[in-house]
Amino acid sequence: MKSGAWKGVQVVWTLARHELRLMVSLVLWLARRTHGTAGGTPFGYARGQGAIMFGFAFVSVVETAAMSVLLLDRPTVHAVVLFLDVYTVVFVVALHAANVVRPHVLDPGSGTLRIRRAVPVDLRIPLERIASVRRELRMSHERADGELDVEVGSQTTITLELTEPVTHVTLFGRRRDVRVVRFHADESDALVRALATGRREAEQRAAQASGPGAVP
């Protein structure tokens, strides 16, 4: 298979897998369950954009009703447009569901912070690599090398600076090493405090591991 055709297959497979995960998230949301939070403390981030997402869904519903009336005398076109409009509504709701059921997760036991946004962003940061954490509200962001902005509603509220870079993998597999991560959390103050505690615990574990009784 030629490289161009293979890349096309990879793109289609990536998009199909992404939408499948969105639908799984919708099922979890309806069942009031979360994904990947076992053993850790979840911190949500969807509150700030929930109204916007449901606004999009409402507009799509209105459009669906209007197009159904306009296309009553064209049954084939009506069926196609109705399917696309209904799927759009489901997609928007599933996207919101993914934001709800895939929160950030702080897991002091494994020593990691998992930063997420819906399905595409899932970044694990070892707590011992966090040099500083602060609450910082930003409403505008410029792309820069070594920095990752995980915006929600065009804003971030927490900034992490790392001692060593971590690798962020995009939806289509592009890899970037980042040393500054900005992201949003609904309860940002609580998460900053929890991170400070988690960092101290990670430092204590590292000190014990490298102490006189540690195995070389």
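Here, every reference points to the structure presented above.
Everything numeric in this text was worked out from a predicted model, so none of it was measured.

**Here we look at the sheet that holds strand β4 (residues 121-126)**
With antiparallel pairing, the 4 strands of this open sheet are ordered in space as β1-β2-β3-β4. Two strands lie at the open edges of the sheet, namely β1 (41-43) and β4, each paired on one side alone. When the angles between neighbouring strand axes are averaged without regard to direction, this sheet yields 15°. Direction of pairing for strand β2 (residues 104-107) relative to strand β3 (residues 112-117): antiparallel, over a ladder of 3 bridges.

**Details of the layout of surface pockets**
As a volume, the largest pocket reaches approximately 380 Å³. When contributions to the lining of the largest pocket are tallied by element, the ones reaching two or more residues are α1 (3-30), β4 and β7 (156-169). At 4 residues, the largest contribution of residues to the lining of the largest pocket is made by α1. Elements with a contribution of two residues or more to the lining of the second largest pocket: β6 (147-150) and β7. Sorting elements by how many residues they give to the lining of the second largest pocket places β6 first, with 4 residues. Grouping the amino acids of the lining of the second largest pocket by side-chain chemistry returns 7 nonpolar, 2 polar and 5 charged.

**Overview of helix α3 (residues 75-101)**
For α3, spanning 27 residues, the distance from its first C-alpha to its last is 38 Å, which sits close to the expected 39 Å at 1.5 Å a residue. For α3, the full list of buried residues reads His-78, Asp-85, Val-89, Val-92, Val-93, Ala-94, His-96, Ala-97, Ala-98, Asn-99 and Val-101.

**Describing the environment of Trp-6**
Structurally, Trp-6 can be placed in helix α1. What makes Trp-6 partly exposed here is its relative accessible area of 46%.

The rules behind the values
Residues numbered from 1 in each chain as written. Predicted model: local features only at pLDDT ≥ 70, side-chain atom pairs only at ≥ 80, totals over all residues. Heavy atoms only, no water. Pairing = 2+ DSSP bridges. Helix = DSSP H or I, 4+ residues; strand = E, 2+ residues; numbered from the N terminus. Axes fitted to C-alpha atoms, helices over the stretch in contact; angles between N-to-C directions. 1 Å grid on protein atoms, 1.4 Å probe; cavity = no way out; pocket = protein on both sides within 12 Å on 5 of 7 lines; lining within 4 Å. Points joined across faces, edges and corners; volume = space filled by probe spheres on them. Nonpolar A, V, L, I, M, F, W, Y, C, P; charged D, E, K, R; others polar. Expected span 1.5 Å × (residues − 1). Buried < 20%, exposed > 50% of the residue type's maximum accessible area, 1.4 Å probe, protein only.

Geometry only, nothing functional implied.
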